[in-house]
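# Close look at the chain arrangement
The chain contents come next:
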Amino acid sequence: MKIASWNINSVRARIESVERLIVEEQPDVLCLQETKALDDVFPAALFKRHGYLDHHLNGQKMHHGVAILSRLPLGEPGRHDWQDNGEARHVGARLPCGIRIENVYVPAGGDIPDRSLNPKFGQKLDFIGRMTKWSEDLREPTLIVGDFNVAPLECDVWSHKALVNVVSHTPIEVEALGALQQAHGWIDIGRKFVPAPERCFTWWSYRSLDYTQNDRGRRLDHMWASPELAGTVTGHRVLEPCRGWQRPSDHVPLICELEV
């Protein structure tokens, strides 16, 4: 089984890129973040033409939004309001093999890494804290994927020294994400297949006209597996060339393969 995850930064604006990914990679399940579309205007027809007949959507106009599109039947849809304000940042489902898949878009957190000066940063930490409490009670094999908006390792950014006080790589965010990982014993699939300190980025800012020239990337997108599920994962790839496609997202897709 092949599962893809991608912060698409507007599914309607980049529908040609989504279709190209589907045609070239043929994932069984596709998880999208930052779809920026209410459920009633989500471009469902394109996915159905390609065999993705089951859709679990949690959309929001102009902002946020997540979706799971599947060629396999999806059961038991779920939505967690980890933001605690109604924002569309999570959707989950159960696959026929019994695996639970959770698709999440963690808040970026603004520009100032101080909750007293920047409420958005506090909301981000609280969001991760609620995910941590949820993780403590998990009793079933689960794959959680999405844009976590945290680069946890020093080698997950182009320069630890330059970014250690920049939101997405600060010690307090890294500590919060570490607590989340420990709460369920999550296995970081990305670093299982691309061991640290090997280069592995999933995001490059739009501010760089040529992202390849200075390669100032960060690993903000992740796939984590429950401990009992991690042994079934047979592969993981970061589709970095997608960042060079026409009108690209600033994130690139991740793909993992499982033997189920």
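So, a few notes on the structure that sits alongside this text. (Residues numbered from 1 in each chain as written. Predicted model: local features only at pLDDT ≥ 70, side-chain atom pairs only at ≥ 80, totals over all residues. Heavy atoms only, no water.)

## Remarks on unusual backbone geometry
In this structure, P197 follows A196 across a cis peptide bond, with omega equal to 10°. Inspection of the secondary structure assignment puts P197 in the loop between α6 (189-193) and β10 (203-204). Positive phi outside glycine occurs at S168, with the angle close to 110°. Following the sequence through the fold, S168 ends up in the loop between α4 (160-163) and α5 (171-184). For R247, which is not glycine, the phi torsion reads 45° and is therefore positive. Within the element layout of this structure, R247 appears in the loop between β13 (233-238) and β14 (254-258). Judged by relative accessible area, R247 falls into the exposed class, the value being 52%. (Helix = DSSP H or I, 4+ residues; strand = E, 2+ residues; numbered from the N terminus. Buried < 20%, exposed > 50% of the residue type's maximum accessible area, 1.4 Å probe, protein only.)

## What to know about the packing of aromatic side chains
Evaluation of the coordinates by the stated rule reveals 9 aromatic pairs. An angle of 20° between the planes, with centres 6.2 Å apart, marks the rings of W134 and W186 as stacked. With W134 in helix α3 (residues 119-136) and W186 in the loop between α5 and β9 (187-188), this residue pair connects regions lying 52 residues apart in the sequence. Of the two residues, W134 and W186, neither departs from the other in class, the shared state being buried. Relative to W204, the ring of F201 lies with its centre 6.4 Å away and its plane at 75°, an arrangement referred to as edge-to-face. Judged by relative accessible area, which is 6%, F201 ranks as buried. Ring pairs connect the aromatic residues W82, F127, W134, F148, W186 and W224, which therefore count as one cluster. Seen from the ring of Y105, R89 lies directly overhead, with NZ or CZ sitting 4.7 Å from the centre. In this arrangement the basic side chain of R216 is found over the ring face of W158, its NZ or CZ atom lying 4.2 Å from the centre. (Phe/Tyr/Trp six-rings, centres within 6.5 Å; stacked < 30°, edge-to-face > 60°. Lys NZ or Arg CZ within 6 Å of the ring centre and 35° of its normal.)

## Observations regarding the environment of D210
By secondary structure assignment, the location of D210 is in the loop between β10 and α7 (211-214). As for D210 and E25, which are separated by 185 residues in sequence, their C-alpha atoms are 25 Å apart. Looking at D210, its side chain comes within polar contact range of the side chain of T212, at 2.6 Å. (Polar contact = N/O pair within 3.5 Å; in protein donor to acceptor, adjacent residues only side chain to side chain.)

## Comments concerning the layout of surface pockets
The space that makes up the largest pocket amounts to roughly 1000 Å³. Taken together, 38 residues line the largest pocket, and the ones lying closest to its centre are A108, G110, D111, N149 and W203. When residues of the lining of the largest pocket are traced back to their parent elements, those giving at least two are α3, β10 and α7. Considering only residue class, the lining of the largest pocket consists of 13 nonpolar, 14 polar and 11 charged. (1 Å grid on protein atoms, 1.4 Å probe; cavity = no way out; pocket = protein on both sides within 12 Å on 5 of 7 lines; lining within 4 Å. Points joined across faces, edges and corners; volume = space filled by probe spheres on them. Nonpolar A, V, L, I, M, F, W, Y, C, P; charged D, E, K, R; others polar.)

## Some remarks on the pattern of salt bridges
The final tally for this structure, using the stated rule, is 17 salt bridges. Between E24 and R20 there is a salt bridge, with its nearest N and O atoms 2.9 Å apart. Remark: R20 and E24 occur in helix α1 (residues 15-25); sequence separation between them is 4 residues, near one turn of the helix. E24 sits in the partly exposed class, given a relative accessible area of 48%. One salt bridge connects R237 with E25, and the closest N-O pair in it is separated by 2.7 Å. You can see R237 sitting in strand β13 and its partner E25 sitting in helix α1, a full 212 residues away along the chain. (Salt bridge = Lys/Arg side-chain N within 4 Å of Asp/Glu carboxyl O.)

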